There are 2 protein chains.
Amino acid sequence: MMFSERMKRLLSYTPGEQPQDRKYLKLNTNENPYPPSPLIKSVLDRFDIERLRLYPDPQCGRLREKLSLRYGLSKNQVFVANGSDEALSFCFYAFFGSEKGKLLFPQITYSFFPVYCSFYNIAYDAVPLNDDFTIDVGKYVEKIGCGVILPNPNAPTGIGLPLEKLAYLLDNYPKERVVVIDEAYVDFGAESAVGLIHKYPNLAVVRTFSKSMGLAGLRLGFVLASETLVSALFTVKDSFNSYPVDTLSQMIGETALSDEAYYRAITKEIISVRKDFSAALLDLGWSVLPSSSNFIFTRKSGLSGEEIYSNLKKQGILVRYFDLEPIKQFVRITIGKKEDMQRVLKTIKEF
Amino acid sequence: MMFSERMKRLLSYTPGEQPQDRKYLKLNTNENPYPPSPLIKSVLDRFDIERLRLYPDPQCGRLREKLSLRYGLSKNQVFVANGSDEALSFCFYAFFGSEKGKLLFPQITYSFFPVYCSFYNIAYDAVPLNDDFTIDVGKYVEKIGCGVILPNPNAPTGIGLPLEKLAYLLDNYPKERVVVIDEAYVDFGAESAVGLIHKYPNLAVVRTFSKSMGLAGLRLGFVLASETLVSALFTVKDSFNSYPVDTLSQMIGETALSDEAYYRAITKEIISVRKDFSAALLDLGWSVLPSSSNFIFTRKSGLSGEEIYSNLKKQGILVRYFDLEPIKQFVRITIGKKEDMQRVLKTIKEF
């Protein structure tokens, strides 16, 4: 056996399919249907490739500066990583350890969380959702554990957690344990916790450029938190990879941040299409959970999630299902452009 | 205390300075003095930014295909990562664990190795070099441990390990323990172990686009090894970050690989400048270790490494020293263009 003991406990995350064989309507990985800001093209046009011979700024100084201005924080309250998955991994490393108890997260949530636990050998307690798939923060206050991680809105349900509930959790949670909120989809309608960072030094908010910024191909994520937490994330980065974010990605990220008007417009359109699509599904007798995301979680009685997935795939449409109780009956469908969702509706009617 | 127990044992790697304040002649991080292949500009010109809305190929299929052709391996013997530092980190995770003994590496070597050990809690044994700073593979065969990692050429000495010595190590080392060779600088004159991969399924060779390919700003590294070892690295990646390499980096890497003639020419020039620079230093009474890298390791009796570093920095030239026995007297100087090294010589003469 050539591998370390560690490898025996390791789980792998299964990302959504990225088929290279044929052309699908990809509604399976919550990518943005719109291209990123057109200003990015001019970054590439002007870019002097000689800059690539030098290492990138290991601190991502300018990008962090821009992010700090946008979110009303200091630069030392911003950490940047190679995608929010890397940012999350560093959070697990820095903040969570079984010596203080089990990590708490929802039973139905981003399926990478148990994988990070296996990577770093962190015991966890998957806390059941309410019957309506909402999160009961009271259960987290009761159990305490070594920390909490919640996506808001939650995945794959898409349901947002009201800010007052999060504040209740933070008010009643030990100050020396960290609460991480993964806000990958927050721009599509949930309430951000960024405004609470000043009050709670044990709160970390994880964000990504992949979804609302339309830059999944770039790999850029960040964490907003107190200087203490951010400083710990820098220590972890410097023990793993000194320069995780390349020069072009830093520059493209900066430019995307300067085009708020464009992003406001496409986000508004996605939310509008989501509302229409959800209403149309309800008309067809489907159940749809209330979404604050760029996807919806839906079911049709009499069909399993796998059946819906397979029927749609045959028609060239990719969605995602999870072979897991109690969400086996559901599929997660990314909100695309208006015409994309009309095609989905047309296909569904022909089932 | 908001951090995990893990954080208490964690060391940080100290990368070479990347000063943002004034303009230096940067000979401190072994960057290539030449820009990367001019073909890369046309990748950026032609690039459709809409591709960035989609996740990258998580398998880096085309890039791995190109690498496999270049090195005469199958695609399943190639793993790609976000820089060779990430590749190395994954190797430490997958292959090395204290349950099988201590990890062996040279006492003087890439200073990130003990940092990875702290990250994953791996005990290590730093094996002394010979008095001439060469590596004695016999010591590794005697001690065994849980695995071996060696840079070839070694850092920061720049000394290459002859292939026959590496073959001796592999012939006499347990087949179920892994030997990792970090070949970051191999293109500048050392003998690559890639040809041994067919014979030794426990050999992993780590490479980077940062040095000879002039793409430090891109963050692209890779591992060449048996399918068994590569498959384990994919498992680790999928438990850390499903998409560590962004779309543009994959495309730029592919293009760089197709311009062998350009890279052969600049590598030849760097080797030639290194030889002239080393000879000139010897003429000035400096000691220079025999280098197979794009840097030299040198000392001048009567001066500490820190003094040489400080004197050069005052004159706008950055080099690197290590506050560590037995190399305190040395500085590591990256080989730049001919005129860069003439400036260094002129400055040194004025000490």
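What counts and what doesn't
- Residues numbered from 1 in each chain as written.
- Chains lettered and ligands numbered in written order.
- Predicted model: local features only at pLDDT ≥ 70, side-chain atom pairs only at ≥ 80, totals over all residues.
- Heavy atoms only, no water.
- Axes fitted to C-alpha atoms, helices over the stretch in contact; angles between N-to-C directions.
- Helix = DSSP H or I, 4+ residues; strand = E, 2+ residues; numbered from the N terminus.
- Parallel < 35°, antiparallel > 145°, perpendicular 65-115°, else oblique.
- Contact = heavy atoms within 4.5 Å.
- Pairing = 2+ DSSP bridges.
- Right-handed = clockwise from strand over helix to strand, strands pointing away.
- Buried < 20%, exposed > 50% of the residue type's maximum accessible area, 1.4 Å probe, protein only.
- Polar contact = N/O pair within 3.5 Å; in protein donor to acceptor, adjacent residues only side chain to side chain.
- Least-squares fit on C-alpha atoms with pLDDT ≥ 70 in both.
- Domains from an automatic or database assignment.
- Buried area = accessible area lost by both parts, 1.4 Å probe.
- Salt bridge = Lys/Arg side-chain N within 4 Å of Asp/Glu carboxyl O.
- Nonpolar A, V, L, I, M, F, W, Y, C, P; charged D, E, K, R; others polar.
- Phe/Tyr/Trp six-rings, centres within 6.5 Å; stacked < 30°, edge-to-face > 60°.
- Lys NZ or Arg CZ within 6 Å of the ring centre and 35° of its normal.

Further remarks concern the packing of helix α4 (residues 84-95) of chain A against helix α8 (residues 227-237) of chain A. All names here are of chain A. Two numbers describe how α4 lies on α8: the axes approach to 9 Å, and their chain directions differ by 105°. As summarised for this structure, α4 and α8 are arranged roughly perpendicular, according to the angle between their axes. Side by side, α4 and α8 meet where F90, C91, Y93, A94 and F95 of the first sit next to L229, A232, L233, V236 and K237 of the second.

Residue and element names in this part refer to chain A. Spatial ordering of the open sheet is given by β9-β10-β13-β12, a layout of four strands whose pairing is antiparallel. Edge positions in the sheet fall to β9 (287-288) and β12 (320-321), since each has one partner strand and no second. Summarising the sheet, strand β10 (residues 295-299) and strand β13 (residues 330-334) pair through five bridges and their orientation is antiparallel. What sits directly across from R299, in β13, is F330. Here helix α10 (residues 260-283) sits on the sheet and contacts β9, β10 and β13; the angle it forms with β10, its principal contact strand, is near 5°. Here helix α11 (residues 305-314) sits on the sheet in contact with β12 and β13, set at roughly 40° to β13.

Turning our eyes to something else, we now look at the pairing of strand β4 (residues 124-127) of chain B. All names here are of chain B. Pairing analysis gives four bridges linking strand β3 (residues 103-106) to β4, with the strands arranged parallel. Residue pairing in the sheet places L104 in a bridge with D125 of β4. Handedness of the β-α-β unit built from β3, helix α5 (residues 113-120) and β4 comes out right-handed.

Neighbouring strands of a sheet are bound in pairs by backbone hydrogen bonds; such pairs are parallel or else antiparallel. Strand order across the open sheet formed by three strands is β9-β10-β12 (chain B), with antiparallel pairing between neighbours. The sheet is open, and its two edges are formed by β9 (287-288) and β12 (330-334) of chain B, each paired on a single side.

The buried fraction of helix α9 (residues 247-257) of chain A is high, at ten of eleven residues. The complete set of buried residues in α9(A) reads T247(A), L248(A), S249(A), Q250(A), I252(A), G253(A), E254(A), T255(A), A256(A) and L257(A). Along its buried surface, α9(A) packs onto α2 (39-46), α3 (61-71) and α10 of chain A together with α2 (39-46) and α9 (247-257) of chain B. Looking at where α9(A) begins, the residue whose side-chain oxygen comes 3.1 Å from the main-chain nitrogen of L248(A) is D246(A).

In this section: the pairing of β10(A). All names here are of chain A. For β10, the buried fraction is high: four of the five residues fall into the buried class. For β9 and β10, the ladder comprises two bridges, and the chain directions are antiparallel. Following the sheet pairing, S287 is matched in β10 by R299. In sequence, β9 turns back onto β10 through a hairpin of six residues.

Least-squares fitting of chain A to chain B yields an RMSD of 0.0 Å, with the transformation described by 0.0 Å of translation along the axis and a rotation of 180°. Both chain copies can therefore be described as sitting about a two-fold axis. A high fraction, 100%, of the interface residues of chain A reappear at the interface in chain B, so the copies pair face to face through one surface.

The next subject is the domain arrangement of chain A. Residues and elements named next belong to chain A. The assigned domain composition of chain A is domain 1 (5-36 + 261-350) and domain 2 (39-257). For domain 1 versus domain 2, the separation of C-alpha centres amounts to 23 Å. Of the residues lining the interface, 31 residues belong to domain 1; the matching set on domain 2 comes to 32 residues. Of the roughly 2,600 Å² buried where domain 1 meets domain 2, counting both sides, 65% is carbon and sulfur surface. In this assembly, domain 1 and domain 2 are joined by zero salt bridges. Our count for the contact surface shared by domain 1 and domain 2 stands at eleven residue pairs in polar contact (both at pLDDT 80 or more). With six residues, α10 is the largest single contributor of residues to the side of domain 1 that touches domain 2. Considering only residue class, the side of domain 1 that touches domain 2 consists of 17 nonpolar, nine polar and five charged.

As a further point, take the pattern of salt bridges. This model, assessed by the stated rule, comprises 28 salt bridges over all chains. A salt bridge links K26(A) to E31(A), with the shortest nitrogen-to-oxygen separation between them at 2.7 Å. The partner of K75(B) in a salt bridge is E65(B), with the nearest N and O atoms 3.9 Å apart. In this pair, K75(B) sits in the loop between α3 (61-71) and β2 (78-81) while E65(B) sits in helix α3, placing the two residues ten residues apart along the sequence. Taking the relative accessible area as the measure of exposure, K75(B) reaches 32% and is therefore partly exposed. Because the salt bridges share partners, they merge into one network encompassing E183(A), D187(A) and R207(A).

Before going further, it helps to examine the packing of aromatic side chains. In this structure the tally under the stated criterion is 59 aromatic pairs over all chains. Ring geometry for F92(A) and F113(A): centres 6.0 Å apart, planes at 40°, overall tilted. With F92(A) in helix α4 and F113(A) in helix α5 (residues 113-120), the pair connects residues that are 21 residues apart, well separated along the chain. Residue class for F92(A) comes out buried when judged on its relative accessible area of 0%. Here F113(A) falls in the buried class, since its relative accessible area comes to 0%. Aromatic pair F133(A) and F330(A): ring centres 5.4 Å apart, planes at 75°, arrangement edge-to-face. Highlighted residues: F133(A) in the loop between β4 (124-127) and α6 (137-143) and F330(A) in strand β13, separated in sequence by 197 residues. Pair check on accessibility: F133(A) and F330(A) agree, each one buried. R6(A) extends its terminal NZ or CZ atom over the ring of Y93(B), reaching a point 5.3 Å from the ring centre.

All right, on to the interface of chain A and chain B then. Each partner contributes to the interface: chain A provides 91 residues, whereas chain B provides 91 residues. Across the chain A/chain B interface, buried area totals approximately 7,400 Å², and carbon plus sulfur atoms make up 59% of it. Counting across the interface, chain A meets chain B through zero salt bridges. Across the chain A-chain B interface, the total number found is 54 residue pairs in polar contact (both at pLDDT 80 or more).

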